[in-house]
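# Chain and residue survey
This is what each chain is made of:
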Amino acid sequence: MGTITVTNVGKAYKRYPNRWARLAEWVVPGSRKRHDLTWVLKEINFTVNPGEAVGILGVNGAGKSTLLKIITGTTLPTTGSVKIEGRVAALLELGMGFHPDFTGRQNVYMAAQLQGLKVDVVDELMPEIEAFSEIGEYIDQPVRVYSSGMQIRLAFAVSTAVRPDILIIDEALSVGDAAFGRKCFQRIEEFREKGTTLLFVSHDMEAVKKLCNRALFINEGIVAGWGTAKTVCDQYERHLFGNRTDSVSAKNAKNTNVSNDKTALFDPSLSASCEMIYGNGKADIEACWLEDENGSPINVIESEASFHWRYRVRLNEDIDSFVYALMFKTKEGVAIYGTDSKTLGAESGPHRAGEVIEVDFKLENRLAPGIYYVNCGIKEGTGGDFLSRRVDAAILRVTSSDKTSVVSGLVEMRANLSLIAYRPEDVMK
């Protein structure tokens, strides 16, 4: 149980030059075709064996979501076939299957019955679903008043209330808070240990590497890569960054040349949309950015490669002395590393209003592969409130390299292993 076989699957949509052409084709069924076919998938072939975890990678518009809809039966293929063995739980588009005017509780019963669960089984599972979703009294409110995060909490809770043979997830876990995301991944890991087959669409390549045995790379509707998760993720990353010549916004970097160093790259999609800025107004951090050793802006770097965290400060008042600070945190908000100029023995001041100061922290990267958030801030040398602080000002993605040894955790400690075998007669002595 838990097998997916996709054979020569293709999907095309009709494109009409105008609405009258569509009407003419409907009214006169035997007349000439008045449409063109736009193929979004072509000749997709792969098999997922019981207990396997397969990640699906590709840029937006590559056809990933369409493929999942075909696999789950919500969309029919134009060509080819899909064979499923086992009970499927799928988390596709946000809120899919939920009626906005019904309460969360009513939607749970409807969604669970669509999965083949009987009402008395849902009655037994309801307390666990409520507890896992953590939406409290909103369970009895109409879904239309839910936030996107609340919808995904409830959808995931009901989809995984009973361990399925096959679990299919399409980027849904990128919505909502990090703590709940970790809770979902824990349940996925638990299901994987018990033999659930996983089909996982994500732009987070490190998550694909950790969760999946194999991966499928779809590019412009065709299979561009199929193999071990690491091999396909590396291929996808080369596709994303190998020939990149984009410029970077001058807001965050004064140098807009993209590095040619294979260990350091810039991904425009890693934007810090959750940034918070505050301070007492005596100074402002005007811009902050990550750089490689060549001075090119980056936000993707291999484990153990050196890099710089830089920011530019403009003074609004005279200040006798400054303390410059930085901090790295995980997606969950756990502080990994923080330091400041005082600890490093670097003094700054006095400075006059109108001056501009550029701060440059050089760092040796010992972070494990993953996503990290970077903070910066400045205080007067006497302490007190921040003159200016930017929280989650940048996102850094650390990728694995040939030197990476970490299997789990946040830090690359470069372990060395030695083994000594003793013969039985030596042990007896």
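First, a word on what this report is: a plain description of the structure on this page.

### Focus: the overall build of the protein chain
- Counting its regular elements, the protein chain contains nine helices and 20 strands.
- Scored against the burial criterion, the 429 residues of the protein chain give a buried share of 46%.

### Details of the pattern of salt bridges
- Summed over all chains, the structure comprises 21 salt bridges.
- In this structure, Arg414 engages Glu304 in a salt bridge whose closest nitrogen and oxygen atoms are separated by 3.1 Å. Of the two residues, Arg414 is situated in the loop between strand 20 (386-399) and helix 9 (424-428) and Glu304 in the loop between strand 14 (300-302) and strand 15 (306-315); the sequence distance between them amounts to 110 residues.
- Since its relative accessible area comes to 42%, Arg414 is described here as partly exposed.
- Note on Glu304: relative accessible area 17%, which makes it buried.
- A salt bridge links Arg352 to Glu355; the shortest N-O distance between them is 3.9 Å.
- A single salt-bridge network, built from bridges that share partners, covers Glu286, Glu291, Arg310, Arg312, Arg314, Glu358 and Asp360.

### Points about a nonpolar patch on the surface
- A contiguous nonpolar surface patch, about 590 Å² in accessible area, is contributed by Trp20, Leu23, Trp26, Val27 and Val28.
- Along the chain, Val27 falls in helix 1 (residues 19-27).
- Given the relative accessible area of 59%, Val27 is considered exposed.

### As for the packing of helix 3 (residues 104-114) against helix 4 (residues 119-133)
- In contact at an axis separation of 10 Å, helix 3 and helix 4 are set at 125° when each is read in the N-to-C sense. Of the possible angle classes, the one that applies to helix 3 and helix 4 is oblique. Between helix 3 and helix 4 lies a crossing whose hand is right-handed. The segment helix 3 lies against helix 4, with Arg105, Val108, Tyr109, Ala112 and Gln113 engaging Val119, Val122, Asp123, Met126, Ile129 and Glu130.
- Partitioned by chemical class, the residues of the contact of helix 3 with helix 4 number seven nonpolar, one polar and three charged.

### Describing the nonpolar core
- Core analysis: the biggest nonpolar cluster contains 47 residues, and Ile129, Leu154, Ile188 and Phe200 have the highest contact counts within it.
- Residue contributions to this core peak at seven residues, all from helix 5 (residues 148-159).
- Membership of the second largest hydrophobic core comes to 32 residues, among which are Ile285, Val359, Cys376 and Leu387.

### Overview of the state of the cysteines
- According to the stated counting rule, one finds zero disulfides in the structure shown.
- In this structure Cys288 is not part of a disulfide, and its nearest cysteine sulfur, from Cys376, lies 4.2 Å away.
- On the accessibility criterion, Cys376 (2% relative accessible area) is buried.

What counts and what doesn't
- Residues numbered from 1 in each chain as written.
- Predicted model: local features only at pLDDT ≥ 70, side-chain atom pairs only at ≥ 80, totals over all residues.
- Heavy atoms only, no water.
- Helix = DSSP H or I, 4+ residues; strand = E, 2+ residues; numbered from the N terminus.
- Buried < 20%, exposed > 50% of the residue type's maximum accessible area, 1.4 Å probe, protein only.
- Salt bridge = Lys/Arg side-chain N within 4 Å of Asp/Glu carboxyl O.
- Patch = residues over 30% accessible without salt bridge, like charges linked within 9 Å, V, L, I, M, F, W, Y side chains within 5 Å.
- Areas by Shrake-Rupley, 256 points an atom, 1.4 Å probe, with all protein chains shown as cover.
- Axes fitted to C-alpha atoms, helices over the stretch in contact; angles between N-to-C directions.
- Parallel < 35°, antiparallel > 145°, perpendicular 65-115°, else oblique.
- Left-handed = near helix turned anticlockwise from the far one by under 90°.
- Contact = heavy atoms within 4.5 Å.
- Nonpolar A, V, L, I, M, F, W, Y, C, P; charged D, E, K, R; others polar.
- Core = buried A, V, L, I, M, F, W, Y, C linked by side-chain atoms within 4.5 Å.
- Disulfide = S-S within 2.5 Å.

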